[in-house]
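What follows is each chain in one-letter form.
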Amino acid sequence: MSTCGFTTIIRASLEQKRMVQLKVESECPSWQKVQGQLKRVDAYKELFGKLHEGEVYRLSSPFIPHPACLVPAGIMKAVEVAAGLALPRDGFIRVTG
């Protein structure tokens, strides 16, 4: 579960060469608006291009009102792993105060 209380599940699989198929399922009303649009991405364009030019951020930015949302980073990590460009390891953000 995320810090906002909504759970989002991301499934990514390599379709062919660089293309990754995505399935995003979320309890978040904002992400529910995006999940049907974000189905397939070019892993190299997403991971090695400019942040604002990739499909993940381009499609989600009109709907996601909170810029610190961790879902886009999770999607990018899933794409990276599915494309064989990273090991499937958990990442963490720890906030201390």
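Relevant structure appears above.
Here's a quick rundown of the structure. In this text, all values refer to a predicted model and were calculated from it rather than measured experimentally.

1. So, the overall build of the chain
Part 1 of the reasoning: Of the regular secondary structure elements, the chain holds four helices and three strands.
Part 2 of the reasoning: Listed N to C, the secondary structure of the chain is β-β-α-β-α-α-α in terms of helices and strands.
Part 3 of the reasoning: Compactness check: the chain gives a C-alpha radius of gyration of 13 Å against a globular reference of 13 Å for 97 residues, within 12% of the reference.
Part 4 of the reasoning: Principal-axis analysis of the C-alpha atoms places the extent of the chain at approximately 40 × 30 × 25 Å.
Part 5 of the reasoning: Out of the 97 residues belonging to the chain, those deemed buried represent 28%.
Part 6 of the reasoning: Counted over contacts in the chain with a minimum sequence separation of 6, partners at least 24 positions apart contribute 42%.
Part 7 of the reasoning: Of the roughly 6800 Å² of accessible surface on the chain, a fraction of 55% belongs to carbon and sulfur atoms.
Part 8 of the reasoning: The average position of the 13 basic charges and that of the 9 acidic charges among the side chains of the chain differ by 2 Å.

Rules and cut-offs
- Residues numbered from 1 in each chain as written.
- Predicted model: local features only at pLDDT ≥ 70, side-chain atom pairs only at ≥ 80, totals over all residues.
- Heavy atoms only, no water.
- Helix = DSSP H or I, 4+ residues; strand = E, 2+ residues; numbered from the N terminus.
- Rg over C-alpha atoms; globule rule 2.2 N^0.38 Å.
- Buried < 20%, exposed > 50% of the residue type's maximum accessible area, 1.4 Å probe, protein only.
- Contact = heavy atoms within 4.5 Å.
- Areas by Shrake-Rupley, 256 points an atom, 1.4 Å probe, with all protein chains shown as cover.
- Lys, Arg positive; Asp, Glu negative; His and termini not counted.
- Charge placed at Lys NZ, Arg CZ, Asp CG, Glu CD.

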